[in-house]
Amino acid sequence: DPGPGLAAHGDVAPDFACERLGAAREPVQRLRDVIGDEFAVLLAGLRDPRQAAAAAVRATRAAQPCRVRVLAVGPDRALRDVTVLRAADPASTGPYDAAGPRAWLIRPDGHVAGSLPLDDPAALDALPGLVARAIGAGVSDVAAAVRGARRRAGLRRASGVGFGGD
């Protein structure tokens, strides 16, 4: 578990009122309404909007072992293939961002499957392995997902896609 005061792995994901950013703003809704019926990765705690946007784009490019929706709190504009959220009350995202930048994996049933600290850009390379583990893949499948993501991340890094000094 990530620590006291943060969303606990295995518990129901803490909910908060939010709106989606985009061409046409939708009315305020709840995080649980945005999650949907697939795995979701919620990126939170990235204070710099550009860094948050870069992390979200990088998360969408990871080859996941199943369908995963990327959600981000922090970017100040809509992003392709990312559901960008603005909390109605910024303090309500505390269970996700109080300890700094982190990626939260939320199962389709609304429970927190796990999380990764985003203390450096390469941390997102472990996301496919976390997803593989959450869907019950074997150890060798998880290791293969992580190796593949790291290989692809190296190719993207060479093309200039990254964040925070990457």
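This report concerns the structure included in the present document.

### Considering unusual backbone geometry
Phi at Asp 81 takes a positive value of approximately 65 degrees, unusual for a residue other than glycine. Relative to the assigned elements, Asp 81 resides in the loop between strand 4 (68-73) and strand 5 (82-87). Overall, Asp 81 belongs to the exposed group, its relative accessible area being 58%.

### Here we look at the sheet that holds strand 4
Taken in spatial order, the seven strands line up as 2-1-5-4-3-6-7 in an open sheet, and their pairing is mixed. Edge strands, defined here as strands with exactly one partner in the open sheet, are strand 2 (29-30) and strand 7 (112-117). Inspection of the sheet shows strand 6 (residues 102-106) paired to strand 7 by five bridges, in the antiparallel sense. In the strand pairing of strand 7, Ala 103 is matched with Leu 116. Helix 2 (residues 49-60) contacts strand 3 (39-44), strand 4 and strand 5 of the sheet and is inclined by roughly 175 degrees relative to strand 4. The strands touched by helix 4 (residues 127-134) within the sheet are strand 3, strand 4, strand 6 and strand 7, with strand 7 carrying the most contacts at an inclination of about 160 degrees.

Reading the values: rules and limits
Residues numbered from 1 in each chain as written. Predicted model: local features only at pLDDT ≥ 70, side-chain atom pairs only at ≥ 80, totals over all residues. Heavy atoms only, no water. Helix = DSSP H or I, 4+ residues; strand = E, 2+ residues; numbered from the N terminus. Buried < 20%, exposed > 50% of the residue type's maximum accessible area, 1.4 Å probe, protein only. Pairing = 2+ DSSP bridges. Contact = heavy atoms within 4.5 Å. Axes fitted to C-alpha atoms, helices over the stretch in contact; angles between N-to-C directions.

Geometric values such as these leave the question of function open.
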